[in-house]
Amino acid sequence: MSTVVARSVTKAVVPLIVVVALSFFFQGHNLPGGGFIAGVMTAAAIALVYIIFDFEDFSYLFGIENKTYRAIREYIPLTGAGLALAVGSGVLSVGLGASFLDHSFGTIHIPLIGEAHWTTALIFDLGVYMTVTSSILVVIEVVGEE
Amino acid sequence: MNFKTCLITLALSLYTQTVTASSNASVQTGSLETAVLTAILAPFLTSAVIAVFYTRLEDYSAIIGSLSGLISFIAAISLIGKTGVVSYLWIPSMNIAAQFYVDGLSVFFGLLASGIGVLVFLYSWKYMEHGEWKRKYYTALTAFMGSMIGLVFSSNLILLFLFWEFTSICSFVLISHHQRKRAGIMASKKSLLVTVGSGLALLLGFILLGSATDTYSIVEMLSDGQALSALESTGLTTAVVALIGIGAAGKSAQIPLHIWLPDAMEAPTPVSSFLHSATMVKAGVFLLLRFRSILGEAVAWNFLLLTLGLSTMFIAALLAVASTELKQLLAYSTASHLGLIVAGIGFPTAVGVETSLFHVLNHAVFKAGLFMVAGIVLHEAGTQKFSELSGLRHDWPGLAAIGTLLSLSMAGIPPFNGFYSKELLFEAAYHTASHTGGITWILPAISVLGSVFTFIYSLKFISVFYGRKSQDLHDVPRKMILSPAILAVTTIAITATPNQFISVLVNPALELLAHTSHGLSVHMPKNLKPAFVMSLITIGLGSFGIGYLNVVERKAKKITALTALSPNKYYFKALDKADELSNRMITKVESGLLRTYAVWVLIISTVTGTAGYLLAGPLPAFQITATLPAAVVLAVSLVSVSAVLRSQSYTSSVMILSILGFMVSIFYLLLDAPDLVLTQLVVETMSLIVFLLVLNKLPSFDKEISFDRKKRDTIISAIAGLMVFLSVMYSTAEETPSKVADYFIGHAVSGSGGGNVVNVILVDFRGLDTLGEVSVIAMAGLAVLMLFKMRGVEQ
């Protein structure tokens, strides 16, 4: 279903979507965005690659030679890692004497950039991001294979 | 040294250290906490150790289990004569604390559970030697001991309930020990349904009691003394008494909930001895004793417990006489004795409770021992049918002596300890009857009748040891006879010095009744008191009955075979009906078609939701105003909806539906909700992609749909839509911005440093919700994977 135009546009657009998704992820605490939105967006970008290119081409794009490669093997552990990270951030706060999923925050001075806001909620959000991205990709790949 | 020896040495040294630590701690102040925690945790930790290291420990698990019981026993001994409360925060917002209460009663039961436990593990060592699934067996048995000890020390109702249910679960696992035998599975299912079902009644009773008295702490209820009046002011007293009574009756095998106990004999004999005679079935009794000080004055209390207890005592004794196997006889006899104990708690006089407590001790000792004796017979002779056994004393004189001694105590023959507690029951019954008069004279009459049958079945039990020798048998293993021998010695000790045991164990447990009881002491009757006369009648009638044992058995069988008297038949009938009902429901609800599921979900959520709104009161006044852009967006949405209805292919309907989705996101934009816009947009995109992927797999579009189904679907979706409309109206009716919104907006920056309040709520304030949602997403991904992959496997 792919034409040259679609392929070219995809190549140009996908990195852009990923960058936007990441910026949404990082600005989430203060501006619109967050782990969930960024996660779905990233998944959408990769899904776009799936649709426009074939799985084989996709593998080639990422420098994977093995044709029988199935990304699921990577996504399922990623889902687990995401959940573990989200739970872990909560356990960490318990370990530090706060209650479960209680986050701390502050500002930090980074050279060249200046004052930056930080929060441990970002770790939790990263877990959300990973879980959402990988779960959606699992669904898309499984359904797409049919 | 190989690993096994090494591990065992390590375990032993750890245990000795804990024992010394706990006994040292007991002399220091503040030791209460250590002792209670040791008593409860030692078995649980051992259970975990056995579960993990069973392959290394093998049969030494029995020894380690026994040692953990010993630690708990020593810890409980160090608590004799002490009272106190140990409390840990758990769920403070719901009044639930991990609170333990030490007093005479809890120490009494704690000693019983751990003491019998030590002997049962020793007995299991040899008994289970050639058994299967020993890892499961020892893990569950130690976990049971821990939860039983935890149960008796619990002071919080919810904590008590948790331990209570945990004992049921351990019992379930142990009854189905022979997990490939159908009888074992049926028996464990029955016990679970009865004990957990009645446990639910108990939970309801606890919640009613807790909300009426505004506390879930038993100590607080005991100390302020207002619990009953608080309960009475709500008018729930009878309900609470009945619910707690059902819970106790289920656990303590009172009629008609006794049906699970005889079936539970499918479990290996040490389990029957431990759970189903000495400890777990006493949990109900413990509960009643505990609550007698709180609810004992209630009118329903005496009536309920006396009826329950005495009818159980009588009917179960009859069933015991009619039984054909050793363990079956002992099971019915246990139910009968529990009936005696429950009746004792129901008597308004202090003597009743004294009877119960003393009999709990006597019964635990002789019945646990008798089960062990029956187990040895079953294990060594290979049968437990009365018709196939006789004259065992020729080969096993020691076992015969132990069995006879314990049986005579069970029969209530003087001078054995069982005689004293039976005498006390008679005294309580006579006392109550002579005070109240009238119909209550039935109490002493039934007590005597029940005791006559107890006498008969006790002698029936030992008939296997006497008479003509039926078979040649090899010697009883020493390891196995040790435990019943210790229990026989204990029986002799209690018989010889009953008042010593009473003053150390029973009287402290009676403290709660201090205002009515002056401390119990028992003596051999010297003159013809009414109670002694009743004893003489019992023994006389019993001896007469024994002479005509065959006739009595036949009559008893005839009576107990009556359908009306057999709750078992009702149980199986109910089970069949439930099966039938669920089979019928499944074809209706779980048709395997997605639209059936959708219909049911929509109907149920609509009905329950509408019911909730009806209860919430009338719909608040509202007016709909819309700006021009919003009106345009809504108009486009409406157009797209009508277009979906007319569309001729899946592709076009999916596309048009996504127009609707994008309109919604524009609508959010107009309402200044950028986060929602973003979410709606990306989700809309994703669902479009997934839709397109499955599109060519869907059945053809132009399939004819019957008019009836169209009508049904239209009605259901219209009602569901109305329900969503109502939800929006109700939830936005509160004055805006609401208090919740104010709180979150006010605390977002100060509480978490984030400027985007939506995101702060997601990751910080309501982080746990998000965690749950993310888990659901992960599960959904896995479920899709499974559905697609498993389908391939099946084909």
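Residues numbered from 1 in each chain as written. Chains lettered and ligands numbered in written order. Predicted model: local features only at pLDDT ≥ 70, side-chain atom pairs only at ≥ 80, totals over all residues. Heavy atoms only, no water.

As annotated in an unreviewed UniProt entry, chain B is Multicomponent Na:H antiporter subunit A from Candidatus Nanohalococcus occultus. What UniProt records for chain B under Subcellular location (unreviewed entry) is the sentence "Cell membrane". (UniProt positions renumbered as here; feature names shortened; annotations may be inferred.)

Within an unreviewed UniProt entry, the label attached to chain A reads Multicomponent Na:H antiporter subunit B, and the organism entered is Candidatus Nanohalococcus occultus. According to UniProt, the comment filed for chain A under the heading Subcellular location (unreviewed entry) is "Cell membrane".

Participant: Help me out: how do you make sense of the UniProt feature "domain: NADH:quinone oxidoreductase/Mrp antiporter transmembrane" (unreviewed entry) in chain B in this one?
Facilitator: UniProt's feature table lists "domain: NADH:quinone oxidoreductase/Mrp antiporter transmembrane" (unreviewed entry) at residues 154-435 of chain B, given in the numbering used throughout. Within residues 154-435 of chain B, the helical portion is 78% and the strand portion 0%, while the C-alpha atoms at the span's ends are 37 Å from each other. (Helix = DSSP H or I, 4+ residues; strand = E, 2+ residues; numbered from the N terminus.)

Participant: Mind showing me how you'd approach the packing of aromatic side chains here?
Facilitator: Residues and elements named next belong to chain B. Here the structure, examined in full by the defined rule, presents 16 aromatic pairs over all chains. Between Phe-108 and Phe-109, the ring centres sit 5.4 Å apart and the planes meet at 90 degrees, which makes this aromatic pair edge-to-face. Look at Phe-108 and you get buried, because its relative accessible area is 2%. Taking relative accessible area as the criterion, Phe-109 reaches 2% and is therefore assigned buried. The lysine or arginine in question, Lys-460, covers the ring of Phe-386, its NZ or CZ lying 4.9 Å from the ring centre. (Phe/Tyr/Trp six-rings, centres within 6.5 Å; stacked < 30°, edge-to-face > 60°. Buried < 20%, exposed > 50% of the residue type's maximum accessible area, 1.4 Å probe, protein only. Lys NZ or Arg CZ within 6 Å of the ring centre and 35° of its normal.)

Participant: What exactly am I supposed to notice about helix H7 (residues 182-213) of chain B here?
Facilitator: The α-helix advances 3.6 residues per turn, and as a result positions three or four apart in sequence lie on the same side. With 32 residues, H7 of chain B extends 46 Å from end C-alpha to end C-alpha; this agrees with the ideal 46 Å at 1.5 Å per step. Looking at the residues trailing H7 of chain B, positive phi occurs at Asp-214 of chain B, about 65 degrees. (Expected span 1.5 Å × (residues − 1).)

Participant: Just checking my understanding: could you explain the environment of Leu-785 of chain B for this structure?
Facilitator: The residue Leu-785 of chain B is located in helix H32 (residues 767-794) in this model. Placed 567 residues apart in sequence, Leu-785 of chain B and Ile-218 of chain B show a C-alpha to C-alpha distance of 50 Å.

Participant: How do you make sense of the interface of chain A and chain B when you look at a structure like this?
Facilitator: Interfaces are often sized by the accessible area lost when the parts come together. On the side of chain B, 40 residues touch chain A, which itself brings 44 residues to the contact. When chain A packs against chain B, close to 3400 Å² is buried across both sides, 78% of that on carbon and sulfur atoms. At the junction of chain A and chain B, the tally comes to 0 salt bridges. Elements that contribute at least two residues to the side of chain A that touches chain B include exactly helix H2 (35-52), helix H4 (72-95), strand S2 (114-119) and helix H5 (121-145) of chain A. Looking at which element gives the most residues to the side of chain A that touches chain B, the answer is H5 of chain A, with 15 residues. (Contact = heavy atoms within 4.5 Å. Buried area = accessible area lost by both parts, 1.4 Å probe. Salt bridge = Lys/Arg side-chain N within 4 Å of Asp/Glu carboxyl O.)

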